[in-house]
Amino acid sequence: MKDIDYKEKIYLDKLPKHVAIIMDGNGRWAKKKNIPRNFGHKAGAKALQKILKAADDIGIKHLTVYAFSTENWTRPKEEISGLMNLLREYLKQYLKDMDKNNIKVDIIGDITKLDKDIQEQIEKIKIKTYNKTGLNLHIALNYGGHDEIIRAIKKIGQDLLDSKINIDEINKDVFATYLDTKDIPDPDLLIRTSGEQRISNFLLWQIAYSELYFCDKLWPDYNENDFYKAIYEFQKRNRRFGGI
Ligand code: FPP
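Heads up: these notes are all about the structure in this document. (Residues numbered from 1 in each chain as written. Predicted model: local features only at pLDDT ≥ 70, side-chain atom pairs only at ≥ 80, totals over all residues. Heavy atoms only, no water.)

### Points about the site of the ligand
Point 1. Of all residues adjacent to the ligand, which total 18 residues, the nearest are Asp24, Gly27, Arg28, Arg37 and Arg75.
Point 2. A distance of 3.0 Å is found between an oxygen atom of the ligand and a backbone nitrogen or oxygen belonging to Gly27.
Point 3. Here the ligand, which alone exposes 620 Å², has 91% of that area covered by the protein.
Point 4. Those elements that place two or more of their residues in the shell around the ligand are α1 (26-32), α2 (37-58), β2 (62-69) and α3 (77-97). (Near = heavy atom within 4 Å. Polar contact = N/O pair within 3.5 Å; in protein donor to acceptor, adjacent residues only side chain to side chain. Areas by Shrake-Rupley, 256 points an atom, 1.4 Å probe, with all protein chains shown as cover. Helix = DSSP H or I, 4+ residues; strand = E, 2+ residues; numbered from the N terminus.)

The structure is reproduced here in structure tokens:
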């Protein structure tokens, strides 16, 4: 039987503005194949390339992907350095291929904890892709929702001490301007692969009214049609934002 082509079923005038993805299952994918976990991450990076193109092709404006969390530092040293090297390679390759696509890259998370060369590479890529007009790719690196909120509170505290803001001015919209996502609309759709159904400290403030979509496939197996299916399912949902 021929698979359903979900791309054909999507309404292009009803796209989510922002899709966030928890790319889960790299480790289990590798385990099933009896190969080291870092091979799973490598395959995960390839899957990400496909999804970026798929998102850009239909005109999604924002895609945020969870690449390394504040909690991922507790993984074995070998896995962490594998992930960091993969990131180096990924960013390098991205710079090389930059002219082939129209994707603008930025990072959310506390990158001051990453190695200096990675921070420099990130700066370079942000500057070089700044004028791109297609998909905005936000890579979450050393990102945690709790950490982001605490950093925002510290910045507000400092602005209060410096009399740059008055305590009565603080409301949810003002608070949001202190978050890493200050220039990004909240996600309309959050996808998590691998069958796990949890948020894992991702975009805690921003997903208040996001539609959640869970898919059983492991991230390295996730493909364009799976992504389009998630958007198709999203378009069937009735979003009420607390109203009726
Ligand atoms: C979760 O799978 C995935 C990660 C912690 C890393 C995600 C990274 C990539 C997809 C690599 C590509 C990204 C860039 C930007 C280089 P897991 O390891 O927790 O899988 P498991 O739950 O099966 O063990």
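After presenting the structure, the write-up continues.
### A short note on the packing of α3 against helix α4 (residues 116-128)
For any two helices packed against each other, the geometry comes down to the angle between their axes and how far apart the axes lie.
Point 1. One way to put it is that α3 packs onto α4 with a least axis distance of 10 Å and a crossing angle of 30°. When the interaxial angle is binned, α3 and α4 end up roughly parallel. The two elements α3 and α4 meet at a crossing, and its hand is left-handed. The residues of α4 that touch α3, namely those facing Met84, Leu87, Arg88, Leu91, Lys92, Tyr94 and Leu95, are Asp117, Ile118, Gln121, Ile122, Lys124, Ile125 and Lys128.
Point 2. The class makeup of the residues in the contact of α3 with α4 is eight nonpolar, one polar and five charged. (Axes fitted to C-alpha atoms, helices over the stretch in contact; angles between N-to-C directions. Parallel < 35°, antiparallel > 145°, perpendicular 65-115°, else oblique. Left-handed = near helix turned anticlockwise from the far one by under 90°. Contact = heavy atoms within 4.5 Å. Nonpolar A, V, L, I, M, F, W, Y, C, P; charged D, E, K, R; others polar.)

### Here we look at the sheet that holds β2
The strands that make up a sheet are held in pairs by hydrogen bonds between backbone atoms, and each pair lies either parallel or antiparallel.
Point 1. On the basis of which strands lie adjacent, the open sheet formed by six strands has the order β3-β4-β2-β1-β5-β6 and parallel pairing. A single partner strand is all that each edge strand has here, and the edge strands are β3 (104-108) and β6 (211-214). Across the sheet, the axes of successive neighbouring strands diverge by a mean angle of 20°, strand direction being ignored.
Point 2. Bridge analysis of strand β5 (residues 189-192) against β6 gives four bridges, and the strand direction is parallel. Paired with Leu190 across the bridge in β6 is Leu212. (Pairing = 2+ DSSP bridges.)

### Here's the deal with a nonpolar patch on the surface
Point 1. Together, Leu160, Ile167 and Ile170 make up an exposed nonpolar region whose accessible area comes to about 240 Å².
Point 2. Looking at the element boundaries, Ile167 is found in the loop between α5 (145-161) and α6 (172-176).
Point 3. The class for Ile167 is exposed, based on a relative accessible area of 57%. (Patch = residues over 30% accessible without salt bridge, like charges linked within 9 Å, V, L, I, M, F, W, Y side chains within 5 Å. Salt bridge = Lys/Arg side-chain N within 4 Å of Asp/Glu carboxyl O. Buried < 20%, exposed > 50% of the residue type's maximum accessible area, 1.4 Å probe, protein only.)

### A word on the packing of aromatic side chains
Point 1. Within this structure, the stated rule accounts for nine aromatic pairs.
Point 2. Relative to Tyr228, the ring of Phe227 lies with its centre 6.1 Å away and its plane at 55°, an arrangement referred to as tilted. No difference in accessibility class separates Phe227 from Tyr228, as the two residues are buried.
Point 3. Between Lys14 and the ring centre of Tyr11, over which it is positioned, the NZ or CZ distance is 5.0 Å. (Phe/Tyr/Trp six-rings, centres within 6.5 Å; stacked < 30°, edge-to-face > 60°. Lys NZ or Arg CZ within 6 Å of the ring centre and 35° of its normal.)

### Remarks on the side chain of Asn72
Point 1. Mapped onto the fold, Asn72 is located in the loop between β2 and α3.
Point 2. Polar side-chain contacts of Asn72 include one of 2.8 Å to the backbone nitrogen of Ser69.

### Quick word on the pattern of salt bridges
Any two side chains of opposite charge can pair if their charged atoms end up close together.
Point 1. In the structure shown here, the tally under the stated rule is 20 salt bridges.
Point 2. The salt bridge involving Arg28 is made with Asp24; its shortest N-O contact spans 3.2 Å.
Point 3. The class of Arg28 is partly exposed, set by a relative accessible area of 32%.
Point 4. Its salt-bridge partner being Arg198, residue Glu196 comes within 3.2 Å of it at the nearest N-O pair.

### Looking at the environment of Lys50
Point 1. Structurally, the position occupied by Lys50 is in helix α2.
Point 2. Under the relative-accessibility criterion, Lys50 is labelled partly exposed at 35%.
Point 3. Separated by 163 residues in the primary sequence, Lys50 and Tyr213 have C-alpha atoms spaced 19 Å apart.
Point 4. Other than its neighbours up to four places away in sequence, Lys50 contacts Tyr222, Asn223 and Glu224.

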